[in-house]
Amino acid sequence: MSSESSKKRKPKVIRSDGAPAEGKRTRSDTEQEGKYYSEEAEVDLRDPGRDYELYKYTCQELQRLMAEIQDLKSRGGKDAAVEIEDRRIQSCVHFMTLKKLNRLAHIRLKKGRDQTHEAKQKVDAYHLQLQNLLYEVMHLQKEITKCLEFKSKHEEIDLVSLEEFYKEAPPDISKAEVTMGDPHQQTLARLDWELEQRKRLAEKYRECLSNKEKILKEIEVKKEYLSSLQPRLNSIMQASLPVQEYLFMPFDQAHKQYETARHLPPPLYVLFVQATAYGQACAHRKSSQPPRQDKMLSVAIEGSVDEAKALFKPPEDSQDDESDSDAEEEQTTKRRRPTLGVQLDDKRKEMLKRHPLSVLLDLKCKDDSVLHLTFYYLMNLNIMTVKAKVTTATELITPISAGDLLSPDSVLSCLYPGDHGKKTPNPANQYQFDKVGILTLRDYVLDLGHPYLWVQKLGGLHFPKEQPQHTVITDHSLSASHMETTMKLLKTRVQSRLALHKQFASLEHGIVPVTSDCHYLFPAKVVSRLVKWVTIAHEDYMELHFTKDVVEAGLAGDTNLYYMALVERGTAKLQAAVVLNPGYSSIPPIFQLCLNWKGEKTNNNDDNIRAMESEVNVCCKELCGPRPGHQLLTNQLQRLCVLLDVYLETESHDDSVEGPKEFPQEKMCLRLFRGPSRIKPFKYNHPQGFFSHR
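First, a word on what this report is: a plain description of the structure on this page. Position numbers for residues start from 1 in each chain and track the written sequence from start to end. Reporting in this predicted model follows two pLDDT cut-offs: at least 70 for local features of residues, and 80 or more for side-chain atom pairs to be given and counted; totals over whole chains, interfaces and linings ignore these cut-offs and use all residues. Side-chain measures were taken over the full set of non-hydrogen atoms in the model, leaving aside hydrogen atoms and water.

**Describing the overall build of the protein**
Alright, step 1. Where helices and strands are cited, they refer to DSSP runs of H or I of at least four residues and of E of at least two residues respectively, numbered from the N terminus. Of the regular secondary structure elements, the protein holds 22 helices and 12 strands.
Alright, step 2. Remark: exposure states derive from per-residue accessible area (1.4 Å probe, protein chains only) relative to the maximum for the residue type, with buried under 20%, exposed over 50%, and partly exposed in between. Each of the 694 residues in the protein was classed as buried or not, and the buried ones make up 34%.
Alright, step 3. Taking the intrachain contacts of the protein between residues at least 6 apart in sequence as the baseline, contacts between residues at least 24 apart amount to 65%.
Alright, step 4. For the area figures, the Shrake-Rupley method with a 1.4 Å probe applies, and any residue is considered shielded solely by the protein chains shown. Summed over its atoms, the accessible surface of the protein is roughly 45500 Å², and 54% of this surface lies on carbon and sulfur atoms. Whether two residues touch is decided by their heavy atoms; if any such pair falls within 4.5 Å, the residues are in contact.

**Describing the sheet that holds strand E11 (residues 683-685)**
Alright, step 1. What the 3 strands build is an open sheet, ordered E10-E12-E11; its pairing is mixed. Single-partner strands in this sheet number two, and they are strand E10 (668-669) and E11.
Alright, step 2. Of the pairings in the sheet, the one linking E10 to strand E12 (residues 690-692) comprises 2 bridges and is parallel in character. Each residue of the ladder has a partner; that of Cys-669, found in E12, is Phe-691. A pair of strands counts as paired when DSSP detects no fewer than two bridges linking them.

**Brief notes about the pairing of strand E8 (residues 590-596)**
Alright, step 1. E8 sits mainly inside the fold: 5 of its 7 residues count as buried.
Alright, step 2. Two elements, strand E7 (residues 572-580) and E8, share 7 bridges in a ladder whose sense is antiparallel. Bridged to Ala-576 within E8 is Leu-593.
Alright, step 3. Relative to strand E9 (residues 600-601), E8 is paired through 2 bridges, and the arrangement is antiparallel. Among the inter-strand pairings, Leu-595 is bridged to a residue of E9, identified as Lys-601.
Alright, step 4. Linking two consecutive strands that pair antiparallel, namely E8 and E9, is a turn of 3 residues; a positive phi of about 55 degrees is found at Lys-598 within it.

**Things to note about the pairing of strand E4 (residues 383-391)**
Alright, step 1. Examined bridge by bridge, strand E3 (residues 370-378) and E4 share 9 bridges and lie antiparallel to one another. Opposite Leu-371, over in E4, you have Val-390 as the bridge partner.

**Structural notes on the packing of helix H4 (residues 48-75) against helix H5 (residues 80-149)**
Alright, step 1. Between N-to-C directions, angles span 0 to 180 degrees; the directions come from axes that are lines fitted to C-alpha atoms, helices contributing only their stretch in contact. Between H4 and H5, the shortest axis-to-axis distance is 9 Å and the interhelical angle comes to 155 degrees. As the angle between them shows, H4 and H5 are arranged roughly antiparallel. Considering the relative orientation of H4 and H5, their crossing is left-handed.
Alright, step 2. Polar here means any residue outside two lists: the nonpolar Ala, Val, Leu, Ile, Met, Phe, Trp, Tyr, Cys and Pro, and the charged Asp, Glu, Lys and Arg; Gly therefore counts as polar. Considering only residue class, the contact of H4 with H5 consists of 15 nonpolar, 5 polar and 8 charged. In this scheme, roughly parallel covers angles under 35 degrees and roughly antiparallel covers those over 145, while 65 to 115 is roughly perpendicular and the rest are oblique. Working rule for handedness: look at the near helix, and if it is turned counterclockwise from the far one by less than a right angle, call the crossing left-handed; if clockwise, right-handed.

**Considering the sheet that holds E8**
Alright, step 1. One open sheet holds the 5 strands; their spatial order is E5-E6-E7-E8-E9, and the pairing between them is antiparallel. The open sheet has two edge strands with one neighbour each: strand E5 (529-536) and E9.
Alright, step 2. Along the sheet face, helix H21 (residues 607-617) touches E7, E8 and E9 and points at about 150 degrees away from the line of E8.
Alright, step 3. Helix H22 (residues 632-649) contacts E5, strand E6 (561-569), E7, E8 and E9 of the sheet and is inclined by roughly 35 degrees relative to E6.

**Concerning the environment of Leu-458**
Alright, step 1. Along the chain, Leu-458 falls in helix H17 (residues 453-458).
Alright, step 2. Its relative accessible area of 0% is what places Leu-458 among the buried residues.
Alright, step 3. A C-alpha to C-alpha distance of 6.5 Å links Leu-458 and His-482, two positions 24 residues apart in sequence.
Alright, step 4. With residues near it in sequence (within four places) discarded, Leu-458 still touches Val-270, Leu-271, Ser-479, His-482, Met-483, Thr-486 and Met-487.

**As for the packing of aromatic side chains**
Alright, step 1. Two aromatic rings from Phe, Tyr or Trp, using only the six-membered ring of Trp, form a pair when their centres are within 6.5 Å; if the ring planes differ by under 30 degrees the pair is stacked, by over 60 it is edge-to-face, and anything between is tilted. Inspection of the entire model under this criterion finds 9 aromatic pairs.
Alright, step 2. Centre to centre, the rings of Tyr-684 and Phe-691 are 5.2 Å apart; their planes meet at 55 degrees, and the pair counts as tilted. No difference in accessibility class separates Tyr-684 from Phe-691, as the two residues are buried.
Alright, step 3. Positioned over the ring face of Phe-673 is Arg-678, at 4.0 Å from the centre of the ring. Cation placement over rings: the criterion is NZ of Lys or CZ of Arg within 6 Å of the ring centroid and within 35° of the ring normal.

**Quick look at the packing of helix H18 (residues 476-507) against H22**
Alright, step 1. Two elements in contact, H18 and H22, have axes whose closest approach is 10 Å; the angle formed by their N-to-C orientations is 30 degrees. Between H18 and H22, the interaxial angle falls into the category roughly parallel. Across the interface between the two elements, Leu-500, Gln-503, Phe-504 and Leu-507 of H18 pack against Leu-633, Thr-634 and Leu-637 of H22.
Alright, step 2. In the contact of H18 with H22, the residues fall into 5 nonpolar, 2 polar and no charged.

**Brief notes about helix H15 (residues 429-436)**
Note: α-helices contain 3.6 residues per turn, so residues at a spacing of three or four share the same orientation.
Alright, step 1. The complete set of buried residues in H15 reads Asn-429, Gln-432, Phe-433 and Val-436. The buried residues of H15 occupy an angular sector of 100 degrees when projected down its axis, which confines them to one face. Opposite the packed face of H15, turned more than 90 degrees from it, sit the exposed residues Tyr-431, Asp-434 and Lys-435.
Alright, step 2. Just beyond H15, the residue with positive phi is Gly-437, at close to 80 degrees. Think of it as the arc spanned by the lines of direction from the helix axis to the C-beta atoms.

**Here we look at unusual backbone geometry**
Alright, step 1. The peptide bond linking Tyr-584 to Ser-585 adopts the cis configuration, its omega dihedral lying at 15 degrees.
Alright, step 2. Unusually for a residue other than glycine, Lys-175 sits at a positive phi of about 45 degrees.
Alright, step 3. Residue position: Lys-175 is located in the loop between helix H7 (171-174) and helix H8 (176-179).
Alright, step 4. On the accessibility criterion, Lys-175 (42% relative accessible area) is partly exposed.

**Here we look at the environment of Glu-666**
Alright, step 1. Mapped onto the secondary structure, Glu-666 falls in the loop between H22 and E10.
Alright, step 2. With a relative accessible area of 40%, Glu-666 lands in the partly exposed category.
Alright, step 3. For Glu-666 and Glu-649, which are 17 residues apart along the polypeptide, the C-alpha to C-alpha distance reads 7.1 Å.
Alright, step 4. Residues in contact with Glu-666, not counting those within four places in the same chain, are Lys-525, Val-527 and Glu-649.

The structure is reproduced here in structure tokens:
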């Protein structure tokens with residue numbers, strides 16, 4: 001059976017290895033070909049759909065026959081072998097059918113691939129032809145573009161319009177009967193007319209030059225006359241100087257100042273103009289005479305005008321300079337090159353370079369004290385700085401604790417809240433600092449001055465924080481809007497610092513100065529006295545255990561001034577740590593107390609100490625006294641002495657201790673204690689003279 005199936009699997013196709021014979025086929029050849037079976041030819045005649053149906057049918061029959069054979073084998077029997085053999089034969093026939101269908105499928109696949117390959121070759125050929133045509137089109141387009149873009153020299157000449165040409169050109173050049181129909185002849189005629197016009201203009205230009213020379217000669221004559229007139233005018237001005245001084249109208253000095261102001265940088269110029277205008281306005285308010293400079297505010301310009309002029313002169317180029325520079329280069333090459341550190345120092349100096357001119361403002365107060373302000377302009381950083389100095393009519397004895405009050409580094413600190421002048425207000429400067437290795441401007445403010453925000457506004461400078469700008473335009477209106485307010489704040493700052501300076505001299509000697517206007521705020525007899533008043537460092541204040549509340553509240557900044565007061569009565573010692581804000585007396589001082597008597601008592605373990613702090617810190621408006629309130633600090637210290645008397649005199653006496661009471665009650669109190677906290681009466685009532693609770 002296997003031999004028969006193998007014979008059926010072999011295709012009955014005869015393939016010859018040699019080439020086919022040429023010429024006509026014989027009858028015997030054609031008869032011989034008809035005797036053989038060709039599956040390739042059968043593929044074209046058969047329907048693939050029917051073959052697929054035949055494939056499914058054959059598979060189902062095979063499944064059925066296999067199932068029957070398995071069933072027969074499982075049942076057994078005498079006739080089962082014959083039936084099994086019969087079904088095996090049928091299965092082999094179906095297998096032969098499947099193999100034939102498989103061969104036909106492979107033949108169809110091969111034919112499909114061949115057809116696809118042929119179609120792909122045709123598409124490639126067409127695509128190649130298309131690319132060749134596109135390349136030819138692109139080449140032709142480039143040639144056309146070159147031809148269209150060709151420009152002749154005459155196209156660069158701006159010729160007159162055709163209407164003007166035929167209207168103005170003479171007939172022998174325009175030749176309208178020829179040029180109207182021939183564009184080439186028309187262009188040639190227009191070029192001839194252009195040449196004729198240019199010849200005429202050249203002749204006119206030579207005439208204008210001769211006229212110019214005549215006018216220049218006349219100007220030179222007039223200049224000589226004016227130059228001879230200048231000395232006469234100067235002599236007249238010199239003769240009028242005594243008259244100007246007598247009438248308080250220094251026109252000559254003002255004229256020189258304005259001439260110098262022309263060389264100021266824009267921010268300093270805005271400051272000079274606005275400060276001068278403000279001084280004249282203040283002087284005009286005081287008198288009905290014409291505007292003149294206010295005696296309380298004087299404005300001047302300092303520095304080298306020649307150096308300021310040299311900043312704007314372009315460098316002169318000449319052959320001599322080039323030869324000199326070559327010789328210098330040969331000498332410098334022999335020298336050692338500067339190190340990287342020296343180069344960075346030079347770059348930093350150049351970055352922090354100031355303008356040669358500066359503006360000096362002298363602000364005079366009522367007590368003849370003068371605040372000298374010198375404004376500088378840093379050219380590369382585009383910011384303004386200021387240096388301050390306070391002078392008095394009489395020489396002051398400087399107390400130890402008043403060392404920082406009139407210091408140039410801190411006298412103007414926080415004139416406006418938060419404006420300590422330690423950082424640059426221009427956001428763009430940080431990028432410039434990174435290039436030269438400058439961490440912060442704080443290290444250079446002693447030499448350069450402080451770049452306060454109000455200084456920038458007086459110069460008309462405004463720096464938006466959202467968008468850094470390298471070029472900032474000065475604004476006169478910004479300077480004018482801040483000038484009056486800033487001048488008033490400066491006067492108030494100087495007066496308050498001078499008042500503190502005098503008060504500290506008394507406090508260091510244990511004397512609390514109370515003016516006659518403030519005597520009604522305190523009882524006639526105050527036993528407790530101030531024995532110590534010293535300044536302390538910011539770090540020492542932060543380490544005190546009874547000042548944690550102020551530190552945690554953020555009220556102990558590094559720009560404030562810190563002092564320690566000691567009030568005594570008998571064995572009781574009251575320590576008071578004082579925070580003095582730069583904006584005193586508009587911002588009151590803050591007191592933190594610690595009483596050493598029968599143990600240590602602070603606001604954490606004694607409600608009466610907290611009440612005493614409230615009397616001094618919260619109820620400070622009662623202690624301001626007459627305006628401008630420069631007696632606030634001394635009144636607070638006097639109130640502290642009074643509070644200590646009340647605290648000690650109202651303390652209950654211990655019966656187990658023999659002898660008289662250490663602090664007999666001398667103050668009249670309506671009620672000694674109130675509430676579960678047993679708060680004592682700390683409020684003083686004038687003119688009755690007794691103490692009560694708030």
